[in-house]
Amino acid sequence: MQDIVRVAGKQTGPSGSMVEPRACKYCGYYGHTRQHCQTRLRDEEASAEAYVLQWQQEQMQLQEERDKWKRDEAKELPWYQRESQEAWFDELGVPWYRDKHVGALPLSPGKDGAQGKWVWDGRTVKIADE
Ligand SMILES: [Zn+2]
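Please read these numbers as outputs of a predicted model, since none were measured by experiment. (Residues numbered from 1 in each chain as written. Predicted model: local features only at pLDDT ≥ 70, side-chain atom pairs only at ≥ 80, totals over all residues.)

Quick one: what's the story with the overall build of the protein chain, residue by residue and with numbers?
Along its length, the protein chain carries three helices and four strands. The N-to-C order of helical and strand elements in the protein chain reads α-α-α-β-β-β-β. Considering the protein chain as a whole, with its 130 residues, one finds that 5% of them fall into the buried category. Counting only contacts in the protein chain whose residues sit at least 6 apart along the sequence, the fraction spanning at least 24 positions is 13%. (Helix = DSSP H or I, 4+ residues; strand = E, 2+ residues; numbered from the N terminus. Buried ≥ 20, exposed ≤ 12 C-beta atoms within 10 Å, placed from the backbone. Contact = placed C-beta atoms within 7 Å.)

Describe the pairing of strand β2 (residues 103-106), naming the residues involved and giving the relevant values.
Here is the key point about a regular strand: its side chains alternate between the two faces of the sheet. As paired strands, strand β1 (residues 96-99) and β2 are joined by four bridges and run antiparallel to one another. Its bridge partner being in β2, Y97 is matched across the sheet by L105. Between the end of β1 and the start of β2, which pair antiparallel, lie three residues. (Pairing = 2+ DSSP bridges.)

Tell me what's going on with the environment of D121, and back it up with residues and numbers.
Looking at where D121 falls in the secondary structure, it is placed in strand β3 (residues 118-121). Take D121: there are 12 C-beta atoms within 10 Å of it, and that puts it in the exposed class. Put simply, D121 and K111 are 10 residues apart on the chain and 8.6 Å apart in space, counted from C-alpha to C-alpha.

Tell me about the environment of R82, and name the residues and values.
Secondary-structure assignment places R82 in the loop between α2 (38-75) and α3 (85-92). Take R82: there are 15 C-beta atoms within 10 Å of it, and that puts it in the partly exposed class. Once residues within four sequence positions are removed from consideration, R82 is found in contact with L77, A87 and W88.

Could you give me a rundown of the pairing of β3, with the residues and numbers involved?
Sheet analysis places β3 next to strand β4 (residues 124-127), joined by four bridges and oriented antiparallel. Bridge pairing in β4 links D121 to T124. Where β3 folds back onto β4 in an antiparallel hairpin, the turn is made up of two residues, including G122, whose phi is positive at roughly 70 degrees.

Give me the lowdown on α2, citing residues and values where you can.
The end-to-end C-alpha distance of α2 is 55 Å, a good match for the 56 Å that 38 residues give at a rise of 1.5 Å each. Of all 38 residues that make up α2, zero are buried, and the element is exposed over most of its length. (Expected span 1.5 Å × (residues − 1).)

Right, dumping it as structure tokens:
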């Protein structure tokens, strides 16, 4: 630019200072500064949008994890909070029968009459339908 001024027969610009065209420090183009750079504004808007999107996604993931954790917690009851004694025997692989006074009781080895998921097969236990 200084060469152009020199070719024009002058040493300085109209204001008397050295002619130094200010190129945008962001995009490198002349005619505007970084402050008014459309490229910068566009990039910043895009990255702000991307940031918001990423934040929303993270929040959704966190919520999903919290929901899953709650569901898992509800599934995993302590031993004294089984859905029922029958369910617990079924879970532990214990053949059981229902006593009319007491409720579910373990069935003695080798006996018929199991009412749950497991039955005696001689001295071993198997799933009822097998
Ligand atoms: Zn620019």
